[in-house]
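# A look at the structure
For reference, the chains in residue letters:
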Amino acid sequence: MTQELRTYQSEALSQLRQGIRQGSMAQLLMAPTGSGKTTIASAIKQGACAKGKKAFFIVDSLELVDQAVKRFMDDGMWVGVIQGDHIMTNYAAPVQVATIQTLGRRWRQMPDSIRPDLLIIDEAHVLHQAHEDIISWCKDNGVPVIGLSATPFRKGLGKIFDRLVVTITTADLMDDGYLCRAKCYAPNIPNLKGVKTNSSGDWDADAVAEVMGENGLMGDVVEQWLKLAEGRQTIVFAANVAHSRALCDRFQQVGIAAAHVDGYETDKEGRTEKINAFRRGDIQVLCNVAVLTKGFDAPETACVVLARPTKSLMLHIQMIGRGLRTANEKSDCIIIDHAGNCLRNGLPDSRLPQELHDGKSTRNLDRKEREIKEPVEKPCVSCGFVSTKHVCPSCGFKPEVRQDVEVVDGDLYEITKDNAPKEKWGTEELASLYAELKGYARAKGMKDGWAFHQCREYAGRAPRNTNQIAPSAPSQKTLSIIRHLNIKNAKRRAAA
Ligand SMILES: [Zn+2]
């Protein structure tokens, strides 16, 4: 049975039809995660079939063939498959689901009579040479091409597609309840100065893994997860295989059911088994390298940990998108960003580019260059929560404004011999500093996370088991430390 289309899906259909009528031969539809891409594709196909036309649907992996075939058949279409010696090979069927690999090989020999009257390309931000050859034949022969992509931001897409159609955004899908809301925390912003960039314009995986694999940072991934997201089904994106395995070990060391998967494993069954265990809840934290982006769908994922810095807006959106599906008993998704990705590429509901890259422009699609007028997200200096608000919506921390720095007698609260951080902090000293900061936080109506971060900022680290340390009234000395930290933070913000 065909399901009823949502308003923006019908709107997409009518805009695409209008585009074809107006002579757009290759259009790209932005279809964010959760927008029902296959539903839209199916509706387009049914429209074509009703007019006696032949429609091809091109995917770029084997797993996606079966998903698409099932969907089109459920919607009552006669479907053939072009993929190796697939059992459903049948060129007479009006709807053909093809992998680009097989279609690319057969295309040249294929008689015009069985070539398509309409071509739909799934995941159209990844185009191989074979795609381009087929698209160019379509353009020459008046066959409309429609690309579907959640992330149509690749350089040069505007040279192949002549129009981008956008009828829904991730923020809209959240507003309408089709996706869940996300809360993003950025407790660390790694220093990636000097890390080399690879040929595709992103940081080199091994070089970045070296920075991210630093002992303290790795410990922090687990620590922050315990603090912010314990109990949530979680996907961790690591920089490379060794980094992912090491993070997995860290989680296991504190008794969390964690596993590692990567795309290089030859043992595909082992990987599928781990993913199924994750979906059942037997595994709670699944660490991976780039493999859980495409085609992976586990709606119960309620936390995404970003331990892989990226400059790629596409990869960023793919990673955070894994946590945005709705599921029973899931109210939101927590994103713990140790990679600076949300500050670099935006939050899940940030505005995205509304035009295709023309291939000529050297500008990239970094947020810096694409949205000058919009407020910029920043992490709360106290708890790390990322927002555009002055007062932190998560912990209530209110940064002092710059004028405050001038009214306060700065020298009084600078680091003096008396309140200077110690070289080495004993367990008890550290615990008592934390206890007093916690006492202060509670008195001011801020969350305990504030104390945690201030303690780390000042002493270089926070005590273990912060949950078990009772708050105590801050001493004069701790109050002067707090004032010192406030001024330091205010100065830092003023400088930034
Ligand atoms: Zn905060």
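Structure's up top.
A short tour of the structure in this document, coming up. (Residues numbered from 1 in each chain as written. Predicted model: local features only at pLDDT ≥ 70, side-chain atom pairs only at ≥ 80, totals over all residues. Heavy atoms only, no water.)

### Notes on the overall build of the protein
When helices and strands are tallied, the protein shows 19 helices and 15 strands. Expressed as a percentage of contacts within the protein between residues at least 6 apart in sequence, the contacts between residues at least 24 apart total 72%. As presented, the protein carries roughly 23,400 Å² of accessible surface, and 48% of it is formed by carbon and sulfur atoms. Between the averaged position of the 66 positive side-chain charges in the protein and that of its 60 negative side-chain charges there is a distance of 2 Å. (Helix = DSSP H or I, 4+ residues; strand = E, 2+ residues; numbered from the N terminus. Contact = heavy atoms within 4.5 Å. Areas by Shrake-Rupley, 256 points an atom, 1.4 Å probe, with all protein chains shown as cover. Lys, Arg positive; Asp, Glu negative; His and termini not counted. Charge placed at Lys NZ, Arg CZ, Asp CG, Glu CD.)

### With respect to the nonpolar core
Trp225, Leu247, Phe251, Val285, Ile336, Leu433 and Trp450 are the most contacted members of the largest nonpolar core, which totals 56 residues. Per-domain counts for this core show at least three residues from each of domain 2 (185–387) and domain 3 (427–495). Each residue touching Leu247, except ones within four places of it in the same chain, is listed here: Met218, Val221, Val236, Ala238, Cys287 and Ala307. Core analysis: the second largest hydrophobic core is formed by 32 residues, Leu28, Val145, Phe161 and Leu164 among them. (Core = buried A, V, L, I, M, F, W, Y, C linked by side-chain atoms within 4.5 Å. Buried < 20%, exposed > 50% of the residue type's maximum accessible area, 1.4 Å probe, protein only. Domains from an automatic or database assignment.)

### What to know about the coordination of the zinc ion
Taken together, the protein ligands of the zinc ion are Cys380 (SG), Cys383 (SG), Cys392 (SG) and Cys395 (SG), with distances of 2.3 to 2.4 Å. One can describe the donor arrangement at the zinc ion as tetrahedral, given that its four donor atoms subtend angles of 106 to 116 degrees at the metal. Within one chain, the residues donating to the zinc ion are spaced in sequence as C-x2-C-x8-C-x2-C. Taken together, the residues span a long stretch of sequence, with Cys380 in the loop between strand E14 (378–379) and strand E15 (386–387) and Cys395 in the loop between E15 and helix H15 (402–407) at a distance of 15 residues. For Cys380, a relative accessible area of 11% translates into the label buried. (Donors = N, O, S within 2.8 Å, 3.2 Å for Na, K, Ca; no water. Tetrahedral: all angles 85-135°; square planar, octahedral: opposite > 155°, others 65-115°.)

### Some thoughts on the environment of Lys330
Among the structural elements, Lys330 can be located in the loop between helix H12 (313–321) and strand E13 (332–337). Residue classification places Lys330 among the buried positions, given a relative accessible area of 13%. The spatial distance from the C-alpha of Lys330 to the C-alpha of Asn198 is 38 Å, given a sequence separation of 132 residues.

### Digging into helix H17 (residues 427–443)
For H17, with 17 residues, the first-to-last C-alpha span of 24 Å sits near the 24 Å given by 1.5 Å per residue. Gly445 occupies a position one or two residues after H17 and carries a positive phi of about 75 degrees. (Expected span 1.5 Å × (residues − 1).)

### Some details on the pairing of strand E9 (residues 234–237)
Along E9, one buried face is formed by Thr234 and Val236 and the opposite face, lined by Ile235 and Phe237, is buried too. Of the pairings in the sheet, the one linking E9 to strand E11 (residues 285–289) comprises four bridges and is parallel in character. Bridge pairing in E11 links Ile235 to Leu286. Across four bridges, the pairing between E9 and strand E12 (residues 303–306) is parallel. Bridged to Phe237 within E12 is Leu306. (Pairing = 2+ DSSP bridges.)

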